[in-house]
Amino acid sequence: MFLISVLFTGFFILCLLGVPIAFSLALSAMVTGLLAGISPLVVVQNMFTGVDSYTLLAVPLFMLVGEIMDKGSITERLVVFSRSLVGHIRGGLGHVTVFANMLMSGISGSGTADAAALGSILIPAMKKEGYPSEMAVAVNASAATMGPIIPPSIIMVVYGAYGGVSIAGLFLGGALPGIIVGITLMLVIYFWATAKKFPTTARATMKQVFTSFWDSIWALLVPFIIVFGIIGGLFTATESAMIAVVYSLLVSVFIYRTLNWRISYEAFKKSLVALANPLLAVAGAGAFGYIMAYLQVPNLIVDLAGPVTDSTYATLIFIAVLYLVLGTFMDAIPAVVIFLPVVQKMIAEAGLNPVHVGVLVTVVLCFGFLTPPYGLTLLLSAGIGNVPVLKVVRTLVPFYLVMLLVIAILIFLPDVVLFLPRLLVPTAVGG
């Protein structure tokens, strides 16, 4: 018990001192390992083992796809198409922000990438349309949470790679929950805009809708190539990500003609820099997870949970609360890697479906994107809108409530997650 206390206390102290998560994980694991008589070489070896995964190659590739799409001005095309479909609804650009994020989610797989790419365009536009600054920021931050829920998803790739869970099943399982999140966010915006008596705008003509659709069709094909290629057995998640990179480069260079060598270099460089943080965190989490396993922390937590695992709903609520807390203070990827052994043991004890739990964990961690101090889409959006974070948090309350409602739906109605995987890849969910 002493060593477990050293492990977790050391980690939290380092985090409070402002040490980056990746180094906090690695240092606390190293110190605990030394006290336990474990060679530092073994700890370092587990750091390398943590990132030595073929499936994890999909993570930087999906990040690169999103960056190419952004640099290739495809983001603007998706915004124009979204506006032609939902811009006439009361609340205007708020709905456009949500819908555009749904489309971008099918390309980038990252909430932070979507928050930055679309927020830089739509937050200033919403403010110009009459949105209070804090509401514009809240809408963008909330909409970006769909990035890792709607396939493809970087969090799901990590969960599937470390948990041995079908990535095709996870991708399909996230589709309906992602759409539900989008609809509920749009309902919040509609009721808010109605209460504020926001004016409506003219509906786009069919010609305008078709023109904007045709202009963005090459970008809209990306999620279909990725998802249906995987479920059709044509290629793995990593191969699909590579194909998506090549496809997005060809579209941006030869069809849209918006990329040149200089812009392409910037896209690759920005992706590599952005990649460093999550993969360093995965390496640190690999060492931390090894020490946890050595100290039998997963068994201890399951034993402490006791009767919880006798009920499927109680187990799901326990897992949801665990990741709600973790998502508030920690990046999603190390949270998945570190505590996945605990979750897997609880899944086995309670007889739960791994795909169902994987999607639930993803949605709960996306809720953490909105909660300080580590809410990444909140911090990014607040920075773009130049609004104090605490001022935005008050505005986010109705968005928090609908996100919690979606989490409750996933806990008590697992078929919302499992319907599409059972229909299209039944072997991924056990029939």
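Whatever comes next refers back to the structure up there.
Below, the structure is looked at part by part. This one's a predicted model, so the numbers in the text were calculated from it and none came from an experiment.

Cut-offs and rules
- Residues numbered from 1 in each chain as written.
- Predicted model: local features only at pLDDT ≥ 70, side-chain atom pairs only at ≥ 80, totals over all residues.
- Heavy atoms only, no water.
- Patch = residues over 30% accessible without salt bridge, like charges linked within 9 Å, V, L, I, M, F, W, Y side chains within 5 Å.
- Areas by Shrake-Rupley, 256 points an atom, 1.4 Å probe, with all protein chains shown as cover.
- Salt bridge = Lys/Arg side-chain N within 4 Å of Asp/Glu carboxyl O.
- Helix = DSSP H or I, 4+ residues; strand = E, 2+ residues; numbered from the N terminus.
- 1 Å grid on protein atoms, 1.4 Å probe; cavity = no way out; pocket = protein on both sides within 12 Å on 5 of 7 lines; lining within 4 Å.
- Points joined across faces, edges and corners; volume = space filled by probe spheres on them.
- Nonpolar A, V, L, I, M, F, W, Y, C, P; charged D, E, K, R; others polar.
- Axes fitted to C-alpha atoms, helices over the stretch in contact; angles between N-to-C directions.
- Parallel < 35°, antiparallel > 145°, perpendicular 65-115°, else oblique.
- Left-handed = near helix turned anticlockwise from the far one by under 90°.
- Contact = heavy atoms within 4.5 Å.
- Buried < 20%, exposed > 50% of the residue type's maximum accessible area, 1.4 Å probe, protein only.
- Polar contact = N/O pair within 3.5 Å; in protein donor to acceptor, adjacent residues only side chain to side chain.
- Arc of directions from axis to C-beta.

What follows is about a nonpolar patch on the surface. Residues Trp218, Leu221, Met242, Val246, Leu250, Phe254 and Ile255 make up a contiguous nonpolar surface patch of roughly 630 Å² in combined accessible area. Put simply, the parts of the chain that give the nonpolar patch at least two residues each are α11 (206-231) and α12 (237-255). Residue contributions to the nonpolar patch peak at 5 residues, all from α12.

For the rest of this paragraph, the subject is empty space enclosed by the protein. Across all of its chains, the model carries 1 cavity of 30 Å³ or more by this definition. In this model, the largest cavity occupies a volume close to 60 Å³. Gly327, Met330, Asp331, Ala332, Leu365, Gly368, Phe369, Tyr374 and Leu376 together form the lining of the largest cavity. Classifying every residue of the lining of the largest cavity by side-chain character gives 6 nonpolar, 2 polar and 1 charged.

Here we take up unusual backbone geometry. For the bond running from Pro151 to Pro152, omega is 0°, close enough to zero to count as cis. Here Pro152 lies in the loop between α8 (133-143) and α9 (154-163). The residue Arg257 is not glycine, and still its phi comes out positive at about 55°. Relative to the elements of secondary structure, Arg257 occurs in the loop between α12 and α13 (261-294). Not every positive phi belongs to a glycine, and Asn386 is a case in point at roughly 55°. Tracing the chain through its elements places Asn386 in the loop between α18 (376-385) and α19 (389-395).

Remark: helix α14 (residues 297-305) packs on helix α16 (residues 332-350), axes separated minimally by 9 Å, with the N-to-C direction vectors making an angle of 45°. Judged on the interaxial angle alone, α16 and α14 are oblique. Remark: the crossing between α14 and α16 carries right-handed chirality. Each of Pro298, Asn299, Ile301, Val302 and Ala305 in α14 lies in contact with α16, whose residues at this interface are Pro341, Val342, Lys345, Met346 and Glu349.

With that out of the way, let us pick up the side chain of Thr184. As for its placement among the helices and strands, Thr184 is situated in helix α10 (residues 167-195). On the basis of relative accessibility, which here comes to 14%, the residue Thr184 falls in the buried class. A polar atom in the side chain of Thr184 sits 2.8 Å from the backbone oxygen of Val181. Setting aside anything within four residues of it in sequence, one finds Thr184 in contact with Val402 and Val406.

On to the layout of surface pockets. In this structure, the largest pocket occupies an estimated 650 Å³ of space. If you trace the largest pocket, you find 28 residues lining it, with Met63, Ser110, Thr112, Ala113 and Ala274 closest to the centre. Counting residues per element, the ones that place at least two in the lining of the largest pocket are α4 (58-71), α6 (93-108), α7 (111-129), α9, α13, α16 and α18. For the lining of the largest pocket, the element with the highest residue contribution is α13, accounting for 6 residues. Considered class by class, the residues forming the lining of the largest pocket number 16 nonpolar, 8 polar and 4 charged. For the second largest pocket, the calculated volume is near 490 Å³. If you go around the second largest pocket, you meet 18 residues; those closest to its centre are Met102, Ile150, Pro151, Pro223 and Phe224. When contributions to the lining of the second largest pocket are tallied by element, the ones reaching two or more residues are α6, α10, α11 and α21 (415-424).

If you trace the backbone, Gly178 turns up in helix α10. Note: C-alpha distance between Gly178 and Ile150 (28 residues apart in sequence) is 5.0 Å. Ignoring anything within four residues of it in the chain, the contact list for Gly178 reads Met146, Ile149 and Ile150.

A word on α14. Here α14 has its buried residues at Val297, Pro298, Ile301, Val302 and Ala305. The arc enclosing the buried residues of α14, seen along the axis, measures out at 135°, which places them on a common side. Turned more than 90 degrees away from the buried face of α14, the exposed residues are Asp303 and Leu304. Where α14 is buried, its residues touch α1 (2-16), α13, α15 (312-329) and α16.

By the definition in use, this model includes 4 salt bridges. A salt bridge links Arg77 to Asp215, with the nearest nitrogen and oxygen atoms 3.4 Å apart. Residue Arg77 is located in helix α5 (residues 74-86), and its partner Asp215 is located in helix α11; the two are separated by 138 residues in the primary sequence. Across the salt bridge formed by Lys269 and Glu266, the nearest N and O atoms sit 3.9 Å from each other. Residue Lys269 and its partner Glu266 are located together in helix α13, separated by 3 residues, close to a single helical turn.

These figures come from the coordinates and say nothing about function on their own.
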